[in-house]
Amino acid sequence: MSGDETGILLLSLKVAFAGLAASLPPGIAIAFVLARKRFPGKTLFDAFVHLPLVLPPVVVGYVLLVLFGTQGPIGRLLEPLGIVFAFRWTGAALAAAIMGFPLLVRAIRLSIEAVDPRIELAARTLGASRTRVFFTVTLPLSISGIATGGLLSFARALGEFGATITFVSNIPGETRTLPLAIYSFTQVPGGDAQAMRLALFSVALSLAALAFSEWLVRRSPASGHHA
Amino acid sequence: MRHLLAALLCLTLAPAAHAQSALVFAAASLKEALDEVASTFAMGRAGRVDVSYAASSALARQIERGAPADIFISADTDWIDYVEQRGLAAPGTRRNLLANDLVLIAPAASQVRVKLAPGVDLAAALGKGRLAMADPESVPAGKYGRAALTSLGAWKGVEGRVAPSETVRAALALVARGEAPLGVVYRTDALAEKGVRIVDAFPAASHPPIVYPVVLLKRSSSPVARAFEGYLASPDARAIFERHGFRMP
Amino acid sequence: MLEVDVVVPRGTFRLEAAFSSDAPIVALFGRSGSGKTTLVNAIAGIVRPQRGRIVIGERVLFDSARGIDLVPEKRRVGYVFQDALLFPHLSVRANLAYGEGLTPPAERFVDGERVLALLGIRELLDRNPASLSGGEKQRVAIGRALMASPRILLLDEPLASLDGARKAEILAYIELLRDELRLPMVYVSHALEEVTRLADRVVVIAEGRVIAEGPAAQALSRADMGALTGRFDEGAVIEARVATHDAGFELTTLAFAGGELVVPNLDALPGEPVRVRVRARDVSLALARPSGITIQNVLEGNVVSIGHEFGAIVDVTVRIGDTGLTARITRKAASDLALAPGSRVFAMVKAVSIDRRSVGFA
């Protein structure tokens, strides 16, 4: 692998992992709310969470540009805090996180719904507060959903193109992730071979992520799914 | 039964229907002008012209992969050469259709002043921002831009500060939104977008001439396509192009 | 002292119940859907009553008038569920320790070793809940609830998902706990057999209301028990005391307010109080004291009333001294014998029909 290619690979991994790490806490929280709570407007909220799944990625990228760009309301708010998304790998991570979010939430939600709420009640009668129940009972029993959701979101992040290029453009070393790099190579006459190499790396990465996710699920004690 | 007949009828008519339309692949920077030319052509004529706009690089690849285009208008010679080398162009149909200029733009509200001459310090003018341009490695507008900046001795200074977009129009949008303080686009693009102002024009000598070659594709069998290709050089069409800021080559 | 007085609307159903008890075990008895689970859920804090009051000793768990509603984790109410509900991702040991760890050391009074011994679960400590049998799961569930040092233990149909042999086994453990630990228990069940075996005090619930409350024999002797217990089980509960044992024939004689009952050998000391359930279908009637028959128990008494609910069959209530008994016979038989309120009859109960499962120790 050439130095350039290593750089692209590492950047992609950095972006995908950062996106995953940033989306896990809100993903778990929202999945829990959707799984367990009832409130007015819940259907609307659920639909909103799924938007990145149904909107064209370029549209999502554009919305991110409008909101988080240097001229955007949120972008301007965060800039003095040192958080910048425009034209930076953090923006690519944000795009990746947003695009993968519906997949993450769906998988985790299904997994939480499969946890018998009466087990949570049993824990409460034993003296556990709601928070403690969540962390000691609900979460461990939903591990397989979190692993699956994480994998889907990570894989989506690795393949994210439209939103990324629209939001943070195709800056080598900064936002040129694997898909963008592959695209760039296909745009140059004679770049096919390199594009293919990078595509193979993508496949290898996805397989590795899949294997890891499987291992994680297998490692967790009794899956918690009841007869 | 009736529905079956209708369906069969549609099928037999389909090839005939194709003969009544033409598919044009054109560089993104031609959008407004070419749309107008196409609709003027279609008025009072039986036949439709559909235009697909994208980066010339993307279009050439699609043609190579068998896209059913009749006409290809590229924003530089490289990609027409590409198509010709692969034997996809109808021999003898290539000519230079239009010419364009390269300009430096800024958001309409910006007060920045830059003189594009050898030794210009573009990096200073950029400040903390980035230079929006089409991808300098593959998109014609970007390639011209890099050539111009290199000849002015400014490329090294801004190379690491570029925000490469898929098309020149995407770069235009970034500047219009104020996301990038400066951008490199065609004059015709700058004129089409009210949200930007032209800071200065790149000297013609700093880059290879920007020409738009057009070619009829070998696979085309559409009489409408032939007619349209001829129409592109007509006085009516020329007037429209010039109104949008293009020059004749 | 447990005091409960609540109103809980649940969809189309409305529970309005009040009872109190300081017995070692109080049973909440009634059909499925009568509201008994809702009642214990209210005690545990899982369900919030619309209004009312729940008090254990001096500790107020719920009082709508004063705006008190303790969250479940603060109530120190142990709960054993019908299907154990062990934490599948934790070992048995961790399950047991879960509640214990959450109890402030000052409030821990349960001796862990003793619980392990009483329930016989020491050898299960390193096992996983998924690998346990139904009975083992239930024992661990009881242990888990106990290890949190609860002030009261609620058991909601803990035997419902077990088979016959397991039922008997766990029932024995619960009896043991009742006798060995000084921990008040509330036992919910629709099985008359379990209730009469375990509880001194019974609260009968039907359609969201308490229709009887008091010592077991009393609360369960009402004529409308049939709707609650199911026709097969209907009968009377008699309070008696162990009188003598016949070592040779392995029989035990029980003395009650109307006479004596002979039953197969009971493992009990003379003088011990017991509750005996006599099913109506096991009682026959005669106009004269029969001779030359195998039936050991022939009790003289008078007909109190004759029910006319079922086609071919009638229930005849008979008074034996101070005790009531029900006999289920054919309407034809009642007619042939010209039975009427006041008729002098002899009620006959096969000793064999009163087995170990029909006897509860007070």
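Residues numbered from 1 in each chain as written. Chains lettered and ligands numbered in written order. Predicted model: local features only at pLDDT ≥ 70, side-chain atom pairs only at ≥ 80, totals over all residues.

### Focus: the overall build of chain A
And step 1. When helices and strands are counted, chain A shows 11 helices and 0 strands.
And step 2. Reported as C-alpha extents along the three principal axes, the dimensions of chain A are approximately 65 × 40 × 30 Å.
And step 3. The buried share of chain A, reckoned over its 227 residues, is 47%.
And step 4. Residue pairs at least 24 apart in sequence account for 76% of intrachain contacts in chain A once pairs closer than 6 positions are excluded. (Helix = DSSP H or I, 4+ residues; strand = E, 2+ residues; numbered from the N terminus. Buried ≥ 20, exposed ≤ 12 C-beta atoms within 10 Å, placed from the backbone. Contact = placed C-beta atoms within 7 Å.)

### So, the interface of chain A and chain B
And step 1. Contacts between chain A and chain B engage 15 residues on the former and 15 residues on the latter.
And step 2. By residue number, the principal contributor to the side of chain A that touches chain B is helix H10 (residues 178-187) of chain A, which donates 3 residues.
And step 3. Residue composition of the side of chain A that touches chain B, grouped by class: 7 nonpolar, 8 polar and no charged. (Nonpolar A, V, L, I, M, F, W, Y, C, P; charged D, E, K, R; others polar.)

### Thoughts on the packing of helix H2 (residues 31-42) of chain B against helix H11 (residues 235-243) of chain B
Residues and elements named next belong to chain B.
And step 1. Running from amino to carboxyl end, H2 crosses H11 at an angle of 155°, the nearest separation of the two axes being 9 Å. One way to sum up the angle between H2 and H11 is to call them roughly antiparallel. The element H2 and its partner H11 pack so that their crossing is right-handed. Contacts from Ala33, Glu36, Val37 and Thr40 of H2 reach H11 at Asp236, Ala237, Ile240 and Phe241.
And step 2. Its residues assigned to classes, the contact of H2 with H11 shows 5 nonpolar, 1 polar and 2 charged. (Axes fitted to C-alpha atoms, helices over the stretch in contact; angles between N-to-C directions. Parallel < 35°, antiparallel > 145°, perpendicular 65-115°, else oblique. Left-handed = near helix turned anticlockwise from the far one by under 90°.)

### So, the interface of chain A and chain C
And step 1. Facing 16 residues of chain A, the contacting portion of chain C comprises 20 residues.
And step 2. Of all the secondary structure elements, the ones that give two or more residues to the side of chain A that touches chain C are helix H6 (117-125) and helix H7 (130-141) of chain A.
And step 3. In terms of residue count, H6 of chain A provides more of the side of chain A that touches chain C than any other element does, 6 residues in total.
And step 4. Taken together, the residues that form the side of chain A that touches chain C break down as 10 nonpolar, 4 polar and 2 charged.

### What about the environment of Lys14 of chain A?
And step 1. Along the chain, Lys14 of chain A turns up in helix H1 (residues 3-36).
And step 2. Each C-alpha atom, one on Lys14 of chain A and one on Thr177 of chain A, is 9.5 Å from the other, the two residues being 163 residues apart in sequence.

### So, the nonpolar core
And step 1. With 245 residues, the main nonpolar core has Ile71 of chain B together with Ala27 and Leu154 of chain C as its most contacted residues.
And step 2. Not counting the four nearest positions on each side in its chain, Ala27 of chain C is found in contact with Tyr187, Ser189, Val195, Leu198, Ala199, Val202 and Val203 of chain C. (Core = buried A, V, L, I, M, F, W, Y, C linked by C-beta atoms within 7 Å.)

### Things to note about the confidence of the model for chain C
And step 1. Residues with a pLDDT of 70 or more make up 96% of chain C, whose mean pLDDT is 88.
And step 2. In the predicted assembly, ipTM is 0.80 and pTM is 0.76. (pLDDT = per-residue confidence, 0-100.)

### Examining the sheet that holds strand E6 (residues 131-134) of chain B
Residue and element names in this part refer to chain B.
And step 1. The strand order across the open sheet formed by 5 strands is E7-E6-E8-E5-E9, and the pairing between neighbours is mixed. Each end of this open sheet is capped by a strand with a single partner; those strands are strand E7 (162-165) and strand E9 (196-201). When strand polarity is set aside, the average angle formed by the axes of neighbouring strands in this sheet is 35°.
And step 2. Alignment of E6 against E7, held across 4 bridges, turns out to be parallel. Bridged to Met133 within E7 is Pro164.
And step 3. Contacts from helix H6 (residues 140-151) reach strand E5 (102-107), E6, E7 and strand E8 (182-186), with the element oriented near 125° to E6. (Pairing = 2+ DSSP bridges.)

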